[in-house]
Amino acid sequence: QEAAPGAAPSGRPRGHPRVHGCGARVAGGEGTMAGMAELEHFCGYGGKHLNTVRYHPLQAETLIYTAAATIIVEDVNDPHKQEFLHGHDNEVSALDISANGKLVASGQLGSPGRKGAVAPVVVWDFDNRQKYTEFGGLSHSVLCVKFSADGRFLVATGGNQMIFVWDVSTAEVVYSRRTESPCSLAVWGPILENPSGGRYPSYQLCTTYDSQVLVHVMSFDIKSMCYSLSSDAVQFPPSGLQRKHICGLVKDGFLLTGTSAGDMCIFSLQSKVFRAALPVCNNGVTSLTQAGDVLYAGGGDGRIKALHGHDAHWDVLAENVLESGVVALTASSDGAELVAGCRNGKLFRLLSSDLTATLQAATHTDEVTSVAFGASSDCVCTASKAGEVFLLDLSDYMPIMAAAGKSSARSVVLTMTTGEILAGYDDGQLRAWSMQRGSGARPLWELQAHRGGVTVVRETPDFIVTGGNDCAVRFWHRTTRELLATFTNHRKPVADLLVDQAVPHHVHSGSEDKLVVTYDLKLNKPLVQHFTQHSNITGLSQRKDRDKEVVSSSLDGKILFWDVDYADPRGCIEGPPGSMLRLRCVEVSPSGRYIVAGAEDARLYIFDLSSCSCIQECEGHSGGVTHVRWSPDQKQIVSAGKDGCVIIWNFFEM
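The paragraphs below set out a description of the structure included in this document.

Rules used throughout
Residues numbered from 1 in each chain as written. Predicted model: local features only at pLDDT ≥ 70, side-chain atom pairs only at ≥ 80, totals over all residues. Heavy atoms only, no water. Phe/Tyr/Trp six-rings, centres within 6.5 Å; stacked < 30°, edge-to-face > 60°. Helix = DSSP H or I, 4+ residues; strand = E, 2+ residues; numbered from the N terminus. Buried < 20%, exposed > 50% of the residue type's maximum accessible area, 1.4 Å probe, protein only. Contact = heavy atoms within 4.5 Å. Core = buried A, V, L, I, M, F, W, Y, C linked by side-chain atoms within 4.5 Å. Pairing = 2+ DSSP bridges. Axes fitted to C-alpha atoms, helices over the stretch in contact; angles between N-to-C directions.

1. Topic: the packing of aromatic side chains
Per the counting criterion, the structure on display carries 20 aromatic pairs. Ring plane angle 5° and centroid distance 4.5 Å describe the contact between Phe 135 and Trp 166, whose orientation is recorded as stacked. Placement of the pair is Phe 135 in strand S10 (residues 130-135) and Trp 166 in strand S13 (residues 162-167), with a sequence separation of 31 residues. Of the two residues, Phe 135 and Trp 166, neither departs from the other in class, the shared state being buried. An aromatic cluster of three or more residues is present, and its members are Phe 153, Trp 188, Tyr 200, Tyr 203, Phe 220 and Tyr 227.

Listed below in structure tokens is the structure:
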């Protein structure tokens with residue numbers, strides 16, 4: 001199977017799109033080669049799935065973690081050093097790396113494009129950063145993947161209640177079985193020497209279910225010349241013990257598991273009996289890892305504990321509480337540091353000695369809805385359906401400020417004069433946030449702007465303009481914030497607004513009702529209403545040349561050019577025949593030469609206006625692209641996706 005959406009950014013031209021009346025002389029268009037975008041950085045951890053963050057077992061500074069359908073290999077000390085493994089077509093839900101660091105295994109949620117919601121397990125050749133093999137048989141979701149200690153075997157469990165053990169080198173199925181309930185955890189014990197001195201060792205494997213824990217021995221059968229499994233159930237106390245085991249490891253002959261009840265269960269593998277359940281934290285023990293003889297436990301209440309002990313006796317050496325529930329915990333190969341992934345999308349680095357934590361990365365936890373630059377190319381603002389608003393420093397991708405809201409944020413803008421971030425929300429409020437470092441605890445001011453939610457916000461030194469789900473476009477005084485005018489020309493929610501670059505008191509609005517409307521705030525009336533037969537408008541931008549025409553993107557894949565003086569579009573760029581593109585956003589580059597458009601097929605399309613051709617398709621997102629922006633210096637493009645990821649692309653002209 002070819003790498004699915006999310007292959008490395010491809011620069012393949014898209015054939016020539018169909019063009020009508022697009023030709024123009026663009027500054028810098030003569031004699032220079034076309035530009036090209038390259039994937040620079042992925043912000044998208046999200047914290048949705050348990051234990052999908054892993055330190056490399058031999059390289060102390062290499063972190064491997066998931067971002068939607070992509071696996072990121074990152075230097076923890078340099079966020080600009082990222083590499084990407086692309087090959088899944090849905091979110092990666094399980095991750096493991098072999099003890100020698102040569103192989104990475106990843107499993108995903110059920111494929112949206114393949115019959116039966118199949119959930120493939122991919123094994124990667126880590127050194128060459130490419131796919132090694134792929135295993136099938138699981139569907140709906142992969143719950144767990146684990147390599148044996150020597151990396152020869154891989155166990156995986158799925159939402160379809162199947163468990164598989166594969167021989168990684170031969171790709172043969174060693175064991176497969178449908179279980180009564182999904183197997184939430186599978187963990188290998190030590191490799192056992194063959195008692196008869198043969199060259200085939202035996203392997204110990206533990207699996208957990210809602211009400212039982214099984215210990216298997218996988219040994220080589222000389223008669224059939226293949227491995228077979230024998231299983232024993234662990235003995236529980238007579239009263240029983242109903243637990244969901246979330247995470248676990250084998251240490252010194254004992255299976256230690258973290259449970260959803262918040263305790264750590266201890267089982268003796270030699271006698272196959274339950275030994276103890278020790279309370280660790282609230283909201284479940286979600287992650288267990290070890291460095292040397294110290295055990296680290298992460299909890300759903302944000303608590304991380306360093307534990308030392310044996311059998312049923314454990315002492316707490318250190319503890320810390322992070323700001324959100326822990327969903328992943330991993331120790332560096334030298335044992336000096338831990339990285340914790342949290343449910344709020346943040347990654348923290350902790351010193352293993354005393355568990356002091358520093359922020360490593362902040363990412364959105366739901367669909368990213370808006371991207372905005374101010375006058376500077378050094379920072380970018382992003383907002384999400386989860387209500388998060390981040391101002392990211394593009395030198396280190398760390399948040400300068402972060403604001404959390406209870407309502408979905410739909411649109412953000414960085415003000416040019418007042419140093420504010422304006423954000424529109426689903427609850428109808430327009431909120432202003434400070435851009436100062438560390439701010440974001442509470443808004444500077446709030447304004448009830450629309451019934452049913454604010455869909456878009458723009459501003460100038462003189463006024464703020466908002467569009468809403470109530471189909472209205474409203475103008476507000478910049479300083480007093482009193483309502484100046486309301487226009488209700490649209491019959492569907494306002495998709496985008498554009499303040500005219502040449503005439504700042506003209507504003508254009510677009511909507512999926514197929515209308516592009518231009519308003520004159522001085523005359524206090526709509527100037528012109530453009531109607532398209534088939535194009536549901538999703539985004540607006542503006543050319544820098546040729547009468548500063550308004551540019552619109554639409555769900556029929558057309559980019560249309562509009563002039564206030566003409567009723568019909570003055571030009572059009574269409575995708576190749578039969579390409580059924582559904583465009584969601586569009587922006588003209590600062591030089592005016594290029595247009596970038598984001599589509600529901602998860603790709604970015606870059607067009608060169610000097611030749612009116614599509615010069616590049618960029619693949620990186622695993623869900624539709626919702627918003628895209630050029631940096632003011634045109635050196636970067638920032639795209640946002642339904643997959644919860646923000647991708648920064650470097651753009652250079654060759």
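2. Topic: the environment of Val 625
Along the chain, the position of Val 625 falls in strand S55 (residues 625-630). The class of Val 625 is buried, set by a relative accessible area of 0%. The sequence separation of Val 625 and Asp 643 amounts to 18 residues, and the corresponding C-alpha distance is 8.5 Å.

3. A look at unusual backbone geometry
A positive phi angle is found at Arg 481, which is not glycine, with a value near 60°. Mapped onto the fold, Arg 481 is located in the loop between strand S41 (473-477) and strand S42 (483-487).

4. Quick notes on the environment of Ser 260
Within the secondary structure layout, Ser 260 lies in the loop between strand S20 (254-259) and strand S21 (263-268). For the pair Ser 260 and Arg 243, spaced 17 residues apart in sequence, the C-alpha separation works out to 6.9 Å. Those residues in contact with Ser 260 that sit more than four places away from it in its chain are Lys 244, Ile 246, Asn 283 and Gly 284.

5. Quick notes on the nonpolar core
Residues Phe 42, Val 53, Leu 604, Ile 606, Ile 637 and Trp 649 are the most contacted members of the largest nonpolar core, which totals 33 residues. Contacts of Phe 42, omitting those with residues within four sequence positions, involve Tyr 65, Ala 67, Thr 70, Ile 72, Gln 82, Phe 84, His 86, Gly 620, Cys 645, Val 646 and Ile 647.

6. Overview of the sheet that holds strand S8 (residues 103-108)
The antiparallel open sheet is built from four strands, whose spatial order is S7-S8-S9-S10. Whereas interior strands pair on both sides, the edge strands pair on one side only; in this sheet they are strand S7 (92-97) and S10. If you compare each strand with its neighbour and ignore which way they point, the axes differ by 25° on average. With five bridges connecting them, S8 and strand S9 (residues 121-125) associate as antiparallel partners. Residue pairing for S9: Ala 105 is matched across the bridge by Val 123.

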